[in-house]
Amino acid sequence: MKKIYIILPLFSAAFLLAQKKDSATLISEVRIDAYKKPTAFINSTKSVSVVSENLLNQNTPERMLESINQIAGARMEERSPGSYRISLRGSTLRSPFGVRNVKVYLDDFILSDASGNTYFNVISPELIDRMEIYKGPESGDYGAVTGGTVLLKTKRADNLSTNLSVGSYGTFNQSIDFSKQMGKHFFEVFQNYYQTDSYREQSKVQRKQIFLKDNFQYSQKGLLKAMLMYSDLDYQTPGGLTLEQMNFNRKQARPGTATVPGAKEQNAGIRNKMILAGLSNEYQFNPNLSHFILVQGSYVDFENPFITNFENRFEKNFALRTHFNYEKNWEKISLAYRLGFEGGMNDILIKNYDNNKGIEGNPQNFDKLKNTSGFYFLSQKMNFNEKIFTDISISLNSNSYDWERIFPRTENGKIHFKNQWLPNFGVTYLLGNGFSARGKIGKGNSAPTNEEIRSSTQEFNQNLNPEYGWNKEIGIRKQFGNFLFLEGSYFDFRMKDAIVRRQNEAGQEYFVNSGETAQKGFEMLLESKSFNLKNDFFSQFKFRFSGSFYDFKFKNYQQNENDFSGNDLTGVPETTINSLLNFTFFKKLNIDYSHFYTSKIPLNDANSVWSESNLIGNIQFRFPVDFEKTRVNLYLQIQNLYNENYVLGFDINAFGNRYYNPAAKRNFVLGMKVDF
């Protein structure tokens, strides 16, 4: 039966290609921002995907998983509600939770801290108006990561809307978003409250968020931006299960053993309060020369009652970004240069206590950790005769940390990793109207984050080194008429000293360098315009298919007496295929029908345990009701339409074979969004 769900959309797509096309903007003409280096998508040298409003509409209120997972090469996983991780081309190797090895920006501002860790789960999906996802090392403008970069964009036009929804497992979501141009100021005020009891035991979630921004055009040449965000996130963590435990009761939290209590008994969870504030200024001295500067700070109050301890973490972060931009245009050549610096400090006080059923007990260890990172960068962008486009950059990256144990004994140390020159070169050649070929080569480097240097074992891992490697890729983009867009890319990324997660008997994680990896893959996208079918019953249709096909292997990987060289890379599926069909009936009723296929996944480095492949379907119905000045958008989302037993986020290399975090069975969200 499942095969029908995949085959029918393909027949529908083939039929509709022959239908009359509309005159909306071509897909290839979509412009990407690339952090203030705008260019047409068809001309970009980068491996970039744009998450449009259509994809963002697929998300449930608590996460951006559905829209991100429609992107070839990007994968968002949910170990438990509130606990998410993002991999770009396989970078979850080192992410038991959270987002690491992926740089994240929010408008002008930097969401990632100086060590490379990002609290992505504090962001409400409804705040985001658009996303750009850059896969693979970019170096240059974005610094030293090997996974990729994500740019999150908030509202850019006047808007007043409110959203209210309820759903399975006691889900409730409410938000208000107001944005408006008032004279020289563009304001946005966003507020969100979300809660759910969730599918499993010990997995309740509550999130409160407020976001404020002001874009002040104080002169024709100057733009000052201010941003303030506060988020209060509280979610329980049920823990991983063995296969036998999952088959016996999918909803249970991790049970206790003779020596270790269970997740429910210890009230395991995360409580994260974060405030982020920043200012940026962009000034255009003359038509050729401009300057940009950003300063920001954040504070994080983080509590983690875990099975073996109760951790309090207090983080202070500061970041600075500045660059000069010079542009010059001639008859057939355009050049743009950027010279700048980005740096940050991440200062953490960590206190671990015994966990007495969710209450702090006797002290275990108190430590301080300070990460300092930064990079100088120079980049050049060239356009020759609207045929050849180049993007060349180089950055000098530094990273160091100081550590200090202050209880129960005193000791300290300092680690400074070797400075890294990271070059990046990309070129695109426009073969014809709406047809381009591109090539790219670049080096990436990613130092350990604070939670890898001092993991839940409460020991400082001074032997952990940055991972680094070279990425080479080629790709094509082709626009067929004004109705169909095709993109394909092949990459070959060779990484050394890859950082991989381990877990001990108590469920505590630690990290090791695992030798080398060879990561080869092909990614594709086929996307149509919205076809106007010129009838009142079946009014419009749009489709989107994407896929990733990977051959990721360990190389020269020895673990004690075991040689894992040649094994498949842990936690990475060989094949993912995604689809999204948008139907409109009666010119009113919109139906979004999506699928996510994931092949089997190796769950440990030995490749002795694999997950099952799965095909998950979702469907959403949206119906607008118009009043004089108001539109009420009613919607019903049904997740896991076929009621599959599956896991949305595995604990790789888990001790005791506790790999499994079961996802919810069929569930729904019913709501309405009111646009005033």
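These numbers were taken from a predicted model, which means no experiment stands behind them.

Rules used throughout
Residues numbered from 1 in each chain as written. Predicted model: local features only at pLDDT ≥ 70, side-chain atom pairs only at ≥ 80, totals over all residues. Heavy atoms only, no water. Helix = DSSP H or I, 4+ residues; strand = E, 2+ residues; numbered from the N terminus. Rg over C-alpha atoms; globule rule 2.2 N^0.38 Å. Buried < 20%, exposed > 50% of the residue type's maximum accessible area, 1.4 Å probe, protein only. Polar contact = N/O pair within 3.5 Å; in protein donor to acceptor, adjacent residues only side chain to side chain. Salt bridge = Lys/Arg side-chain N within 4 Å of Asp/Glu carboxyl O. Pairing = 2+ DSSP bridges. Contact = heavy atoms within 4.5 Å. pLDDT = per-residue confidence, 0-100. Phe/Tyr/Trp six-rings, centres within 6.5 Å; stacked < 30°, edge-to-face > 60°. Lys NZ or Arg CZ within 6 Å of the ring centre and 35° of its normal. Core = buried A, V, L, I, M, F, W, Y, C linked by side-chain atoms within 4.5 Å. Patch = residues over 30% accessible without salt bridge, like charges linked within 9 Å, V, L, I, M, F, W, Y side chains within 5 Å. Areas by Shrake-Rupley, 256 points an atom, 1.4 Å probe, with all protein chains shown as cover.

Engineer: Can you lay out the overall build of the protein chain for me, pointing to particular residues and giving the numbers?
Structural biologist: Summing up its helical and strand segments, the protein chain has 5 helices and 39 strands in all. The C-alpha atoms of the protein chain give 24 Å as radius of gyration, which agrees with the globular expectation for 676 residues (26 Å, within 12%). Considered along the principal axes of its C-alpha atoms, the protein chain spans approximately 70 × 55 × 55 Å. Among the 676 residues that make up the protein chain, the fraction classed as buried is 60%.

Engineer: Can you explain the side chain of Gln209? Please cite residues and give values.
Structural biologist: Summarising the element assignment, Gln209 is placed in strand E15 (residues 205–216). A polar side-chain atom of Gln209 sits 2.9 Å from the main-chain amide nitrogen of Ser124.

Engineer: I'd like a rundown of the pattern of salt bridges, residues and numbers included.
Structural biologist: For the structure shown, the criterion picks out 49 salt bridges. Close ionic contact of Arg63 with Glu78 constitutes a salt bridge, the shortest N to O distance being 3.1 Å. Of the two residues, Arg63 is situated in the loop between helix H2 (53–56) and helix H3 (65–68) and Glu78 in strand E4 (residues 74–80); the sequence distance between them amounts to 15 residues. Each member of the pair Arg63 and Glu78 is classed as buried. Close ionic contact of Glu451 with Arg100 constitutes a salt bridge, the shortest N to O distance being 2.9 Å. Placement of Glu451 in helix H5 (residues 450–453) and of Arg100 in strand E6 (residues 99–100) is noted, with a sequence separation of 351 residues between them. For Glu451, a relative accessible area of 5% corresponds to the buried category. Within this structure, Arg100, Glu311, Arg313, Glu315, Asp367, Arg405, Glu451, Glu452 and Arg454 form a network of salt bridges that share partners.

Engineer: Can you break down the pairing of strand E24 (residues 420–432) residue by residue, with the values?
Structural biologist: With 10 bridges joining them, strand E22 (residues 388–407) and E24 adopt antiparallel strand pairing. Across the sheet, the residue bridging to Asn397 is Gln420, located in E24. The hairpin formed by E24 and strand E25 (residues 435–446) contains 2 residues between the paired strands, and Gly434 there has a positive phi angle of roughly 75°.

Engineer: Lay out the sheet that holds strand E7 (residues 102–106) in plain terms, naming residues and giving numbers.
Structural biologist: On the basis of which strands lie adjacent, the open sheet formed by 5 strands has the order E3-E10-E11-E7-E8 and mixed pairing. Two strands lie at the open edges of the sheet, namely strand E3 (48–51) and strand E8 (109–110), each paired on one side alone. As judged from the 5 bridges shared by E7 and strand E11 (residues 148–153), these two strands associate in the parallel manner. Residue Leu106 lies in a different strand from E11, and its bridge partner there is Leu152.

Engineer: I'd like a description of the environment of Ser456, backed by residues and values.
Structural biologist: Structurally, Ser456 is set in the loop between H5 and strand E26 (467–480). Between the alpha carbons of Ser456 and Tyr490 there is a distance of 37 Å; along the sequence they are 34 residues apart. Apart from residues lying up to four places away in sequence, Ser456 is in contact with Asn309, Gln508 and Glu509.

Engineer: Describe unusual backbone geometry, naming the residues involved and giving the relevant values.
Structural biologist: Backbone torsion omega between Phe407 and Pro408 reads 10°, so that peptide bond is classified as cis. Relative to the helices and strands, Pro408 is located in the loop between E22 and strand E23 (411–416). Even without glycine at this site, Asp107 takes up a positive phi of about 55°. At Asn657, a position not held by glycine, the phi torsion is positive, near 60°. Among the structural elements, Asn657 can be located in the loop between strand E38 (631–639) and strand E39 (667–675).

Engineer: Kindly report on the side chain of Ser455, identifying the contributing residues and their values.
Structural biologist: Tracing the chain through its elements places Ser455 in the loop between H5 and E26. Apart from the residues lying within four places of it in its own chain, the contact partners of Ser455 are Glu509, Tyr510 and Phe511.

Engineer: Which residues make up the confidence of the model for the protein chain, and what values go with them?
Structural biologist: For the protein chain, per-residue confidence averages 91 on the pLDDT scale, and residues scoring 70 or more make up 95% of the total. Contacts of residues 1–24 to residues separated by more than four positions or lying in other chains number 34 contacts, the stretch itself having pLDDT below 50.

Engineer: Residue-level account of the packing of aromatic side chains, with values.
Structural biologist: Taken as a whole and assessed by the stated rule, the structure comprises 33 aromatic pairs. Note on Tyr169 and Tyr199: the rings are 5.8 Å apart at their centroids and 70° apart in plane angle, and the pair reads as edge-to-face. With Tyr169 in the loop between strand E12 (159–167) and strand E13 (171–182) and Tyr199 in the loop between strand E14 (185–196) and E15, this pair connects stretches of sequence that are 30 residues apart. Taking the relative accessible area as the measure of exposure, Tyr169 reaches 27% and is therefore partly exposed. On the basis of an interplanar angle of 75° and a centroid distance of 6.4 Å, the ring pair of Phe538 and Phe541 is categorised as edge-to-face. Ring pairing ties together the aromatic residues Phe537, Phe538, Phe541, Phe543, Phe545, Phe583, Phe585 and Phe586, which thus form one cluster. In this structure, Arg89 is placed above the aromatic ring of Phe491, and the distance from its NZ or CZ to the ring centre is 4.0 Å. Across the ring face of Phe302, the terminal group of Arg313 is positioned such that the distance to the ring centre comes to 4.0 Å.

Engineer: Can you break down the pairing of strand E28 (residues 499–503) residue by residue, with the values?
Structural biologist: Counted residue by residue, E28 has 5 buried out of 5 residues, so it is predominantly covered. With burial as the criterion, each face of E28 is covered, one bearing Ile499, Arg501 and Gln503 and the other bearing Val500 and Arg502. Bridging between E28 and strand E29 (residues 509–513) involves 5 bridges; their strand directions are antiparallel. Paired with Arg501 across the bridge in E29 is Phe511.

Engineer: Provide a residue-level description of the nonpolar core, including the pertinent values.
Structural biologist: Formed by 67 residues in total, the largest nonpolar core has its most connected members in Ile68, Phe120, Ile128, Met131, Ile133, Leu152 and Met229. Apart from residues lying up to four places away in sequence, Met131 is in contact with Ser49, Val50, Val51, Leu56, Met64, Ile68, Val150, Leu151 and Leu152. By size, the runner-up hydrophobic cluster in this structure holds 15 residues, among which are Leu533, Phe583, Ile591 and Tyr642.

Engineer: Explain the environment of Phe627 to me, and be specific about the residues and the numbers.
Structural biologist: Relative to the assigned elements, Phe627 resides in the loop between strand E37 (614–626) and E38. The spatial distance from the C-alpha of Phe627 to the C-alpha of Phe676 is 9.7 Å, given a sequence separation of 49 residues.

Engineer: Which residues make up a nonpolar patch on the surface, and what values do they have?
Structural biologist: The grouping of Val189, Ile210, Leu212, Leu228, Tyr230, Ile275 and Tyr299 at the surface amounts to a nonpolar patch, some 540 Å² of accessible area in total. If you list the elements that add at least two residues to the nonpolar patch, you get E15 and strand E16 (222–236). Structurally, Ile275 can be placed in strand E17 (residues 269–284). Since its relative accessible area comes to 36%, Ile275 is described here as partly exposed.

Engineer: I'd love a proper account of the environment of Phe460, names of residues and values included.
Structural biologist: Summarising the element assignment, Phe460 is placed in the loop between H5 and E26. Taking the C-alpha atoms as reference, Phe460 lies 9.6 Å from Asp367; in sequence the two are 93 residues apart. Look past the residues within four positions of Phe460 in its chain and what remains in contact with it is Asp367, Lys368, Leu369, Trp403, Glu404, Arg405, Ile453 and Arg454.

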